[in-house]
Amino acid sequence: MYEERAAAVPGVTVWTRENGGGSYRVLPDGCMDLIWYDGGLLVAGPDTRAFVADDPPGGSYAGLRFAPGLGPLVLGVPARELRDRRVPLDALWPAARAGRLADRLGGRDAAAVLDAWAVTRLGAAGPVDPLPAGVARALAAGRPVGAIAAGTGLGERQLRRRCEAAFGYGPKTLGRVLRLQRALELARGGTAFAQVAAVAGYADQAHLAREVKSLAGVPLGRLIQPTAPA
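The present account deals with the structure reproduced in this document. (Residues numbered from 1 in each chain as written. Predicted model: local features only at pLDDT ≥ 70, side-chain atom pairs only at ≥ 80, totals over all residues. Heavy atoms only, no water.)

Concerning the nonpolar core
- Within the largest apolar cluster, 32 residues are counted, with the highest numbers of intra-cluster contacts made by Val12, Leu34, Leu41, Leu64, Leu89, Leu105 and Trp117.
- Within the residue set of this core, elements represented by two or more residues are β2 (12-18), β4 (32-37), β5 (40-44), β7 (60-66), α1 (71-75), α2 (95-105) and α3 (110-125).
- Setting aside anything within four residues of it in sequence, one finds Leu34 in contact with Leu41, Leu42, Val43, Ala62, Gly63, Leu64, Phe66, Leu89, Leu101, Leu114 and Trp117. (Core = buried A, V, L, I, M, F, W, Y, C linked by side-chain atoms within 4.5 Å. Buried < 20%, exposed > 50% of the residue type's maximum accessible area, 1.4 Å probe, protein only. Helix = DSSP H or I, 4+ residues; strand = E, 2+ residues; numbered from the N terminus. Contact = heavy atoms within 4.5 Å.)

This is the structure in structure tokens:
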């Protein structure tokens, strides 16, 4: 069973997964996660393609999902270093520091502890750079990369470097990922695939099908089946 809710700070989602079992497909969404499982903390970096995870029977997870661009501020690591990777937190932080957080989580309501930790951590991290969130919004709205760069006052190469640090990849890749998420939202709401393609910004339904297969590894029809295996 999977549940999620908004955390106490904007841009962060608290989630739990209990007694899942089997394999499931994690789709790219531009986000980063901090995950508590089996007494340890794991960082899931931004994905460029679907990641198929194996969930042991009886497994219990709690996590924080950081909106695109927010994870590096919280974790102190450029997103490019974590692209398509799952890394123990103590490989990124000093072991003692990671251990202190793990000790707080042990034997408690891990989701609540993580939520409170996110508030403290973001408060200590200082002001949030508005550029990543603004770029993500513009890309989600389908604006061209050149226009976004001009609007920020950066050249396209400068924008790409900023995006790689914040998101793990350049703006074109993030745009593809966010467009996939929009297409899934529409398709799961019952919108016909041809209309999904038009509304989400694909050239046509064939383009939609190619992009979904490239990023998710399976066709759109399979993704929107709630009980479909990975």
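On we go.
A short note on the packing of helix α7 (residues 171-188) against helix α8 (residues 193-200)
- Direction vectors running N to C along α7 and α8 enclose 140°, while the axes themselves pass 9 Å from each other. It follows from the interaxial angle that α7 and α8 lie oblique. Of the two elements, α7 crosses α8, and the hand of that crossing is right-handed. For the pair α7 and α8, the contacting residues are Arg179, Arg182, Ala183, Leu186 and Ala187 in the first and Phe193, Val196, Val199 and Ala200 in the second.
- When grouped by side-chain class, the residues that make up the contact of α7 with α8 number seven nonpolar, no polar and two charged. (Axes fitted to C-alpha atoms, helices over the stretch in contact; angles between N-to-C directions. Parallel < 35°, antiparallel > 145°, perpendicular 65-115°, else oblique. Left-handed = near helix turned anticlockwise from the far one by under 90°. Nonpolar A, V, L, I, M, F, W, Y, C, P; charged D, E, K, R; others polar.)

Quick notes on the pattern of salt bridges
- One pass over the full model with this rule turns up 11 salt bridges.
- The partner of Arg65 in a salt bridge is Glu4, and the shortest N-O contact between them spans 3.7 Å. Here Glu4 lies in strand β1 (residues 2-6) and Arg65 lies in strand β7, a separation of 61 residues in the sequence.
- Linked by salt bridges that have partners in common, Glu4, Asp29, Asp33 and Arg65 make up one network. (Salt bridge = Lys/Arg side-chain N within 4 Å of Asp/Glu carboxyl O.)

Side note on α7
- With 18 residues, α7 ought to run about 26 Å at 1.5 Å a step, and its terminal C-alpha atoms sit 26 Å apart, in line with that.
- Buried within α7 are the following residues: Pro171, Leu174, Gly175, Val177, Leu178, Leu180, Ala183, Leu184, Leu186 and Ala187.
- Tucked inside the fold, the buried residues of α7 contact α4 (130-140), α5 (145-152), α6 (156-167), α8, α9 (205-216) and α10 (220-223). (Expected span 1.5 Å × (residues − 1).)

Here we look at the sheet that holds β4
- Spatial ordering of the open sheet is given by β1-β2-β7-β4-β5-β8, a layout of six strands whose pairing is antiparallel. Strands at the two margins of the open sheet, each flanked by one partner only, are β1 and β8 (86-88). Looking at each pair of strands side by side, their axes are set apart by 20° on average, direction ignored.
- The sheet contact formed by β2 and β7 spans seven bridges and is antiparallel. Residue Arg17 lies in a different strand from β7, and its bridge partner there is Tyr61.
- Docked against the sheet, α2 engages β4 and β5, running at close to 115° with respect to β5.
- Running at roughly 25° to β7, α3 makes contact with β1, β2, β4 and β7 of the sheet. (Pairing = 2+ DSSP bridges.)

What about unusual backbone geometry?
- The phi angle at Asp38 is positive, at roughly 55°, despite the residue not being glycine.
- Among the secondary structure elements, Asp38 is positioned in the loop between β4 and β5.
- Positive phi is not limited to glycine here, since Asp84 has a value of about 60°.
- For Asp84, the location among the structural elements is in the loop between α1 and β8.

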